[in-house]
Structure formats: C-alpha cells, structure tokens
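# Residue-level structure breakdown
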Amino acid sequence: GNAVSRGTGWRSSAGQCRWGNSAASLMADALLKELELPALGHSDVLIKMLAAPINPADINMIQGTYALLAPLPAVPGNEGVGRVLEVGPGVVALSPGDCVIPADAGLGTWRTHAVLPEANLLRVPSDIPVLCAATLSINPCTALRMLTDFESLEPGTLCAGVGDDLISASQGLSPSRPDLSQLVERLLALGADHVVTEDALRKPEMKEIFKSIPKPRLALNCVGGRSTTEMLRHLQPKGTMVTYGGMAKQPVTVPVSAFIFRDVRLRGFWMTQWKKDHGELMVDSLCQMVRKGQLSTPACTAVPLEDFREALVASMQPFVSSKQILLL
C-alpha cells in the first residue's frame, strides 16, 4: 500500500475557526491520525521526522493569532529535524541518510513522515545532536541576528534580554515563579552577568548595579507590557530595543520622554521575514557554535508523539522553563 504519515493536526469547526486561547480549547480539536503521503515528485524528498519542539509561535498559529496561518485542516509545527529516506531524481544537494531541518516556517513538523520539496529543507551535519538540531532554526537564529544586526556590540557591552539563547542579562523574570532560583542558577551558568526580576527593575537596587557596569545599549523584548517599559528605562541614550515576541499579549508602552530626551530606538524582528529577505539561514555558523560548546541544547522535555496533548498543555503553563519536544 501507499506510505502514510502519522501526525497531529487541527481542524476547522466552522469556516476558519481555530482553537481558542485556553488549553481546553486546544484539546477540543486536537487530532492524531494517519494520512496518506503524496507521491515523491521530481524534486521532492521523503523524510522521517525525528523530533519537533512546541514553540509559542506554534501555539499562536493554532489559535489564529500569528501572522502566518495555514489553511485548515493542517499539521502544526514550524521547527524540527528529520532524516532523508528517499529523494526524487531531480534532487541535487540531499541524499538518503542526511539530517535536515525546515528552511522556512509553516511546513508542519509534528508528524512522523513528510514529502517536501528539496528547496524547503536544509542539511544539518550528522554530528549535531538530534534535540539540538530540532531546536536550531528559530531561537538560536533569532538570537544571533538580533545581537548582530541592530547594534555594534563589543566584548563587555551589556545587553538586556530573555532566555537561554540571549545570555547577558534577563528581562521578565517574575519573582513569583516557583522555579526562580533554579532558573537564575541556569542563566548564570550559561554566562549571564546579572539576572533580575521584573520587580527588581523598578527598585533602587538597579542604580547600584549600574554603578559598576554601563547601562545596556541593546534590549531584546519578547514579553511586552509593563516589564518592557521598565526595561526601557534602563537603556542607554540612543540605545535600541528590539521586539521579537509578545508573550504577555500586552502592548509596548514607551514614555514620550524616552524618545525626546534619550533618543531611544524601537525596532521589530521576525525570523520568518528575515529569511524571506535574505534567502538563507545561519546553519553553518550555528553548527560551529555547537561544536565549540558556545551553543547547547535548551532545557527540554522529550515527549512521545502519542502524548502530544499533555505536551501542549505543559507548553501553555505559566513560567515554563523546559521546552516540550515531540519525539516522532
């Protein structure tokens, strides 16, 4: 018989209705089913997916709140790694056995197998660990571009940001999160110079920190809301804040005085658009960083595909420090 792929999907219950904002709403239309794979075309590649993470953008796409939306019904997932099983006669750069990652968003990676055009895939060296390769094409690429494209940063320049991929300082840590002490330890171990909570951003102790170090020239915002406004207060004059996410689903509010008297710059960044504009992904550079120990697999929880519902629920919980990765 014809080959099949087993994977997750979501369906429309009325026109283009999508899952709601709650975990319960997501579960209502979640499906795990077998689909017949299309025939292998001249320039197509048959891949066996190995692992695919659940990212905030995946959830937003499912909810219908992201800039890139797939026609329904659809297979979710924008990131992951697979192994080439077979190639069409017109494929020139890939061979069976190669490891590949998506070259762009929206391919639907939460499945066991896929037939995709060669142009939609990028080869990853076989010595890169599977979970590292599965998480290579979004967060690390975004971090590298934001640290490179908006300010000329020399060693010792302070940068304020969030998370494992942007280590210098950390914004948006709530003092009420249950794993705060462990998270602070992990960020410091990764190379953070100072880790502060949202509350600390508003307190006089920040002045003490900046007596010994300069204020940040670059701030990286993926939260929005009040914490972003507070972080902006500590930016150097003529500094730049780059927004690349909005986890709080609240607007970025900037005092007029920050523009007039400090000439701060507000920019935006979307990795999907960058790839469209530049036609490349920094895979070689990132793989070299992995080999040198400069980039490692993020804290993650590996989950069998059959348990994808539990993984989705876990991904939507507040203060999540471990990325859910589906094993396919």
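Each residue is numbered by its place in its chain's sequence as written, counting from 1. Only residues with pLDDT of at least 70 are given local features in this predicted model, and only at 80 or more are side-chain atom pairs given and counted; all residues enter the totals for whole chains, interfaces and linings. The side-chain quantities take in all heavy atoms of the structure and omit both hydrogens and water.

As recorded by an unreviewed UniProt entry, the protein carries the name Enoyl-[acyl-carrier-protein] reductase, mitochondrial and is attributed to Phasianus colchicus. UniProt positions are given in the numbering used here, feature names are shortened, and annotations may be inferred rather than shown by experiment. UniProt, in the comment section headed Sequence similarities (unreviewed entry), describes the protein in these words: "Belongs to the zinc-containing alcohol dehydrogenase family. Quinone oxidoreductase subfamily." Entered under Subcellular location (unreviewed entry) in the UniProt record, the comment concerning the protein runs "Mitochondrion".

## Things to note about the side chain of N55
Relative to the assigned elements, N55 resides in the loop between β3 (44–53) and α2 (56–63). For N55, a relative accessible area of 4% corresponds to the buried category. Contacts are residue-level and defined by heavy atoms, with any inter-residue pair within 4.5 Å sufficient. Beyond its immediate chain neighbours, meaning those up to four positions away, N55 contacts E79, I138 and K323. Secondary structure elements follow DSSP: runs of H or I no shorter than four residues count as helices, runs of E no shorter than two count as strands, and numbering proceeds from the N terminus. Classification of residues uses two cut-offs on accessible area relative to the type maximum, computed with a 1.4 Å probe and protein chains only: under 20% is buried, over 50% is exposed, and between them is partly exposed.

## Focus: the pattern of salt bridges
Any two side chains of opposite charge can pair if their charged atoms end up close together. Salt bridges, as used here, are contacts in which a Lys or Arg side-chain nitrogen is within 4 Å of a carboxyl oxygen on Asp or Glu. Tallied over the full model, the rule gives eight salt bridges. Sharing partners across several salt bridges, the network here consists of D199, R202, E230 and R233.

## Observations concerning the environment of V100
Looking at the secondary structure, you find V100 in strand β5 (residues 99–102). Residue classification places V100 among the buried positions, given a relative accessible area of 2%. Spatially, the C-alpha atoms of V100 and E118 are 9.9 Å apart, while their sequence positions differ by 18 residues. Ignoring any residue separated from it by four or fewer positions in sequence, one finds V100 in contact with I47, G80, V81, G82, V84, L94, L121, L122, R123 and V124.

## A short note on the nonpolar core
If you look at the biggest cluster of nonpolar residues, it comprises 27 residues, and the most contacted ones within it are V81, V124, I128, L136, V242 and F269. Counting residues per element, the ones that place at least two in this core are β5, α3 (130–134), α4 (139–149), β11 (218–221), α10 (271–278) and α11 (283–291). No other element matches α11, which puts four residues into this core. A domain-level breakdown of this core finds at least three residues from each of domain 1 (6–137 + 284–327) and domain 2 (151–268). If we ignore the near neighbours within four places in the chain, the residues touching V124 are C99, V100, I101, A133, V283 and C287. Core analysis: the second largest hydrophobic core is formed by 24 residues, I54, V100, L312 and L328 among them. We call a set of buried residues a nonpolar core when its members are Ala, Val, Leu, Ile, Met, Phe, Trp, Tyr or Cys and they connect through side-chain atoms within 4.5 Å of each other. Segmentation into domains, and thus their bounds, comes from an automatic or database assignment.

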